[in-house]
Structures are given as structure tokens and as C-alpha cells.
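# Observations on the model geometry
Each chain, written out:
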Amino acid sequence: MPDKTYYITTPIYYANAPLHIGHAYSTVAADVAKRWQALRGREVFMLTGMDEHGEKIYRSSAASGVKPQDWVDRYADEAKKLWAFMNVSCDGFVRTTDSAHKETVREVFRRLRAKGDIYDSEYEGPYCVSCETFFSAQQVKDAGECCPDCGKKITEIKKESALFFRLSSYGGKLLDFYRANPDFLEPPGMANKTIDSVTRGLNDLCVTRERVSWGIPVPGDASKTIYVWFDALLNYLSAAGFPHDMGLFHKLWPADCHIVGKEIYYFHSVIWPAMLMALELPLPEKVYGHGWWTLKDDKISKSTGNIVTPYEVCEKFHPDILRFFFLREMPFGTDGAFSMERIGERYTADLANPLGNLFKRTEVMLEKYFGGKIPESGSFDEAILQKQKETLESFSRHMDALRFHGALNALWELIDAANRFIEEQKPWVLYKEKSPKLNDVLLTLSGCLEFVTGLLSPFMPVKCAEMAAHIDWKIQMPEAGSARKGRPIPGGAILFPAVEK
Ligand code: ME8
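Every value quoted in this text rests on a predicted model; they were computed, and no experiment measured them.

On to the nonpolar core, then. In terms of nonpolar packing, the biggest core is built from 165 residues, with Phe230 and Leu327 touching the most fellow members. At eleven residues, helix α18 (residues 437–456) tops the list of elements feeding residues into this core. Sequence-distant contacts of Leu327, defined by excluding residues within four places in its chain, comprise Tyr25, Val28, Ala29, Val32, Phe332, Phe404, His405, Leu408 and Phe459.

Dropping the structure here:
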């Protein structure tokens, strides 16, 4: 087990509209990955936060007649409330208006300028305020005179003095790095796109804006502010203590994983590693680009206006059910259609029926046959023990690789096997026949309850705490074949009551 703290990040979200289930998806995924590493005994640090500078945010605040700082303060407060509501336990919450962050950005800017990686020039050309992205005239023409990414109206930046980052000189080094670190770009579909675009050649990147006042002033030239993406990407360093707390930094860096949506993968897989190379810092272990939740085939997004908030979903379902649904419904990396009906179906098919029933039936039988305790004697069933060992191996492998879907599939195979075990062993017959095998069966089933509760806890921390209370157990990394002979099983209210359609 490595000594280094497991450091995982989400994107920092724009402070210009309420967060929705798409944002919750990335944040919950990072929280689940972190909770899994903590369960295995590692030190962990999960970072999320807010992206608070730039023209888009300035325009939104101005349109509402609110000072930009008041505007972003409001969204940062709302985000913190949302993450607490979603049972996300973040260790860091970075805001790009934090003074420590601003100092990191200024320092990085100074260093890169001093070594010639940032140089003086001029910029003119198309810019998308919604994506905060510079495009070439040809890209905009090819997209039908609109933003090639979001399809919105393009702004023309008139010729202005600007500073550029020498991105073009890092193409070869990036390709070498991708080759030498095949786990860096994930999933594979995203890797191919990144390698293609770097192979086609990189242009230097404009990293300042002259007519945007809501940003970090360029050191030594207050007429310009630093481009919002250059500012935002540095959150991963500033929140890790670079350069003001190098003790913390050495514990956290390099990050184990940046989780991002696929539309911002290029920024994280090309621009960000090139910035780190320029700073002569180690690169993160992995950049994972996940897919989108869609509604009627459209990406759920603030700009499309089809957003669903976690609060709306959780009028009907516990936040842990939404967490579970996020990672059970679609493989991490692909797109998926969101609907309340699908959550209801998943809830019934995975939680209320197999898992809820496994708990209920085991608790009822322990009460009836053993006075509410795990049998004092008996031995763990060999076949289920073997199944638990296989599940642990497969679950761990998938979780370490952020294949949440594969991990849950493995766990549900065990839950199904445990339910089949009840049907095959027929404990009610064993009881009538006064067979000693009854002890083995209920010992084994009790062990399955604790095994499943432990592994599921990163996904559903609150519901699993309820499950643990049913079996008088403290959540920890479960062991195959564990059975706490003679311990009371208090049971409790139905864990996953049926929901109407
Ligand atoms: O891009 N499905 O912020 P943002 C899945 N500030 N995930 C979704 C989603 C959907 N429909 N919609 C949004 C920014 N997301 C920048 C990031 S990082 C240095 C700066 C998630 O508020 C997904 O993670 O537009 C996506 O990348 C992110 O929210 C975009 O959030």
C-alpha cells in the first residue's frame, strides 16, 4: 500500500447557475473512489470547488445587477450545501477567488514567463464565452459560424496585446508521455482522441484577456487578466499547497486522478500536462473523462436549460439511491439517458428486491431460529466463501480502475448467489428436521450481510450505516468468510421499502 495520500479531484464548477445532476455525477464518482481507498486503509484527499472568474461569470452577475464577488459567494455556498446533502465528504473546497489560489496562479505565471514559456504577442480571433475557449477562424467556419463545441454565438476578440503559453513545444513530450504511461488517458476512446489531436500539432495558447476585468491581474501588467482556464486548472496545485505549503504538496502530489466530463478532456489531457511539464512538476497518474447524462437525447446542461437538480430527484429518492443509480446505471465513460422511471426500476430490481430481501429474510430467520443472534457454532459454506473471495478480488480490481459498474456487477452476483443459497438450502426445512446444517447456513448468510454492507458503503454511506446498524456491525473493509458467532442481530425498519411506480 503506497504511503502517498490518495488525491482525487473533480472539475471546479462555474459559479453562474445552480448545479445539476451532471455536476453531482462527477462529484459523487470522486467521493466513491475516495471512500473506497479510505476503506482499504489509505490516507485520502478529495478536492472539489468553484471556477469563479472570467467573462461568462462577469456577464451573468452584471445581468442580475449583483457584484461579481457576491454572485460567486452565493454559488459557492449553494455548492457546499449540495455536497453535504449528497453525502459527499470533500477534504478540500477550492475557489479561484481564494487569495492562496490567486497567489499560486501569479507565481506560476511569473515562473513560466521568466523561463520563456509565456511570451508577449497579440491576439485577435473568435472566442466562445459560454465555453471560455479560443477557436481559430477555420474551426468556426467549419462549424457553420458558431462555437464548434456548444453551437452558441461566437464573440470576435479585436486585436489586443496578449501573452501566450508555448504549448506547441510540448507536443512531442506529451506523445512520449502518453506512450510511456498507458494508464494516464482513460477511458480508451478519450485517449485516442487526445493522441490524434496532439499528433495533428498544437498551437500556442493565448493566456490573457485585455478587456475582461473579472480575473487575476497579470503580474506587472494590470491591464490584462489571466485567461480563466489557465487560472482554473491551477486549482489542483493551489489546493494541494503549491507553492505555499510544500509539506502538504509532497503528501498529495501527483494527483492520483482528475475526474472530468468528456467536453473538458482536452484541457486536462493536453493543456494541463503541458503546463505541469513547463513547471517541471510530475504529471497526475490519470485523467478520466466520463460521459454525459442526457434527457431526450440532449446533454443535460445549464445552457440547454434542461437541468434536473439532485433536490428534485431526492423528493422521491434518498440521496444515496441517486448516488447508487449514477454508478450502477451506466459504465463510467459512456453516456446514459436519465429518467425518474429508470431510478425507480433500478431501485426495485437491485435494492428493494435482492438486497432488501436478503437482509429481511436473514434477520427474520435469525430471530425465529436463533433468538436474534448469529449461531454460536457452525462453519461457513465453502461455495459462498469461494464466491466472496472472487467478489473481493474482482470488486477491488474494478474499483481501483474506477470501473464502478464492473465492481457493482460483481457485488450483485454475490447478492444473487446468497439469495439462491437460501432457496437451495431451505433453512425452514433444516429447522423442522433439526439439522445442524441450519447453523452453517445462517452463519454464512450473516457473513454475507456484513460483506455486502462494507463493500457497498462507498456508494451509499448513509444507507450502509443503517444496514450496519441492523447487524450491529461497524463499517470496515470486510473479510471473506468472516462470521461473528453468537453476536446479536438487532434488525430494524425495512431498509428499502417498495416504491409506487
Ligand atoms: O467546465 N453529464 O465547469 P462546468 C455528466 N469550470 N456530467 C456533467 C454534465 C452532464 N450532463 N453536465 C456537467 C467547467 N457535467 C469548468 C471546469 S476544471 C479546471 C474547470 C459535469 O460548471 C462534468 O464533470 O461547466 C463536466 O465536465 C463539468 O460538470 C462541467 O462543469
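More follows now that the structure is in view.
Turning to the sheet that holds strand β1 (residues 6–14), a few remarks are in order. Spatially, six strands are ordered β3-β2-β1-β12-β13-β7 in an open sheet, and the strand pairing comes out parallel. One side of each edge strand has no neighbouring strand; the edge strands of this open sheet are β3 (92–95) and β7 (185–186). Where strand β2 (residues 44–51) lies against β3, four bridges are found, and the strand directions are parallel. Residue pairing across strands places Met50 opposite Arg95, the latter belonging to β3.

What follows is about the packing of aromatic side chains. Under the definition given, this model contains 37 aromatic pairs. Aromatic side chains Tyr25 and Phe332 sit 5.7 Å apart centroid to centroid with 70° between the ring planes, which places their arrangement in the edge-to-face category. A residue pair is termed long-range when its members are at least 10 positions apart, and Tyr25 in helix α1 (residues 21–39) and Phe332 in the loop between α13 (319–329) and β16 (336–337) qualify at 307 residues. Judged by centre distance (5.2 Å) and plane angle (65°), the ring pair of Trp71 and Tyr75 falls under edge-to-face. Placement of the pair is Trp71 and Tyr75 together in helix α3 (residues 68–85), with a separation of four residues, close to one helical turn. The same class applies to Trp71 as to Tyr75, namely buried. An aromatic cluster of three or more residues is present, and its members are Tyr25, Tyr288, Trp293, Phe325, Phe326, Phe332, Phe338, Phe404 and Phe459. Residue placement shows Arg209 over the ring face of Tyr127; its charged tip is 4.2 Å from the ring centre. Between the NZ or CZ atom of Lys463 and the centre of the ring of Phe496, over which it lies, the distance is 5.3 Å.

In the vicinity of the ligand lie 25 residues, with Ile12, Ser26, Asp51, Glu263 and Ile300 positioned nearest. The side chain of Ser26 places a nitrogen or oxygen atom 2.6 Å from an oxygen atom of the ligand. In this structure, Lys302 approaches the ligand through a side-chain N or O atom, which is 3.1 Å from an oxygen atom. For the ligand, whose unbound accessible area comes to 680 Å², protein coverage reaches 96%. Secondary structure elements with two or more residues in the shell around the ligand: β1, α1, α8 (228–233) and α9 (235–238). Per-class residue counts for the shell around the ligand are twelve nonpolar, nine polar and four charged.

If you trace the four strands from one edge of the open sheet to the other, you get β5-β4-β6-β8, paired in antiparallel fashion. Of all the strands in the sheet, the pair left with one neighbour each is β5 (133–134) and β8 (205–206). By the bridge criterion, two bridges tie strand β6 (residues 155–165) to β8 in an arrangement that is antiparallel. Each residue of the ladder has a partner; that of Phe165, found in β8, is Leu205.

Calculation rules
- Residues numbered from 1 in each chain as written.
- Predicted model: local features only at pLDDT ≥ 70, side-chain atom pairs only at ≥ 80, totals over all residues.
- Heavy atoms only, no water.
- Core = buried A, V, L, I, M, F, W, Y, C linked by side-chain atoms within 4.5 Å.
- Buried < 20%, exposed > 50% of the residue type's maximum accessible area, 1.4 Å probe, protein only.
- Helix = DSSP H or I, 4+ residues; strand = E, 2+ residues; numbered from the N terminus.
- Contact = heavy atoms within 4.5 Å.
- Pairing = 2+ DSSP bridges.
- Phe/Tyr/Trp six-rings, centres within 6.5 Å; stacked < 30°, edge-to-face > 60°.
- Lys NZ or Arg CZ within 6 Å of the ring centre and 35° of its normal.
- Near = heavy atom within 4 Å.
- Polar contact = N/O pair within 3.5 Å; in protein donor to acceptor, adjacent residues only side chain to side chain.
- Areas by Shrake-Rupley, 256 points an atom, 1.4 Å probe, with all protein chains shown as cover.
- Nonpolar A, V, L, I, M, F, W, Y, C, P; charged D, E, K, R; others polar.

Structural measurements only, silent on function.
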